[in-house]
Structures are given as C-alpha cells and as structure tokens.
Amino acid sequence: MYEKNIIGEQFIQGRKHTYYLLEKNSTYGIEIMEESGSKYICYQIYFTEDKNFANKLCNQICEGTVTIPGLEDIIEDAVV
C-alpha cells in the first residue's frame, strides 16, 4: 500500500497530466498520470527518503511540464 497526494495538473499537447507525490515505507517518489482518451497511462518512480526534496522536485516537474518519457532522466539528474 502507498499514499498518493496530488501536486498539480498540466495540459500538454491536449492531454491532461496529473502529478503526484508518493510515499511507500518512508520512501518518496513521483507519479505522472497521462489521460489519453479513455485510457490512463501511469509511471511511478521512488527515489528518496527525504520528503521535502521529493515534494520540491515534484513541484518543479509539474511546473516544467515534464512528461512520462522524460521523468526518469530528470530524476536521475536531480539525485546525482
């Protein structure tokens, strides 16, 4: 089981993207959910035990309109 808190939403190329901060066993991550017609495409990645860092990064990712294909690269760059 995990907890999921909505951070924000963006419309990118006509599709709604919703950004979530995740918590599972004191590890935090980000989920992007893309609505594509009647389908939902979701991608999750857990990367830190620092909630403040995860929350700040999730807000930056939402504001920067990052999409699912770019999420892993952004997180890798931020964690290094």
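Up top is the structure these notes are about.
What comes next concerns the included structure. As the structure is a computational prediction, the values presented were derived from the model and not from experiment. (Residues numbered from 1 in each chain as written. Predicted model: local features only at pLDDT ≥ 70, side-chain atom pairs only at ≥ 80, totals over all residues. Heavy atoms only, no water.)

### Some thoughts on the sheet that holds strand 3 (residues 27-36)
The strand order across the open sheet formed by four strands is 1-2-3-4, and the pairing between neighbours is antiparallel. Every other strand in the sheet has two partners, leaving strand 1 (3-12) and strand 4 (39-48) as the edge strands with one partner each. Taking the axes of each pair of neighbouring strands and ignoring which way they run, one obtains an average angle of 20° across the sheet. Note that strand 3 and strand 4 share nine bridges and pair antiparallel. From the neighbouring strand, Ile 30 faces strand 4, where its bridge partner is Ile 45. (Pairing = 2+ DSSP bridges. Helix = DSSP H or I, 4+ residues; strand = E, 2+ residues; numbered from the N terminus. Axes fitted to C-alpha atoms, helices over the stretch in contact; angles between N-to-C directions.)

### A word on the packing of aromatic side chains
Counting across every chain of the model gives one aromatic pair. If you follow Lys 4 out to its NZ or CZ, it ends over the ring of Tyr 20, 4.5 Å from the centre. (Phe/Tyr/Trp six-rings, centres within 6.5 Å; stacked < 30°, edge-to-face > 60°. Lys NZ or Arg CZ within 6 Å of the ring centre and 35° of its normal.)

### Comments concerning the nonpolar core
In this structure, Tyr 19, Ile 30, Ile 32, Ile 61, Leu 71 and Ile 75 are the most contacted members of the largest nonpolar core, which totals 17 residues. Of all the elements in the fold, those that place two or more residues in this core are strand 2 (15-24), strand 3, strand 4, helix 1 (51-63) and helix 2 (68-79). By residue number, the principal contributor to this core is helix 1, which donates five residues. (Core = buried A, V, L, I, M, F, W, Y, C linked by side-chain atoms within 4.5 Å. Buried < 20%, exposed > 50% of the residue type's maximum accessible area, 1.4 Å probe, protein only.)

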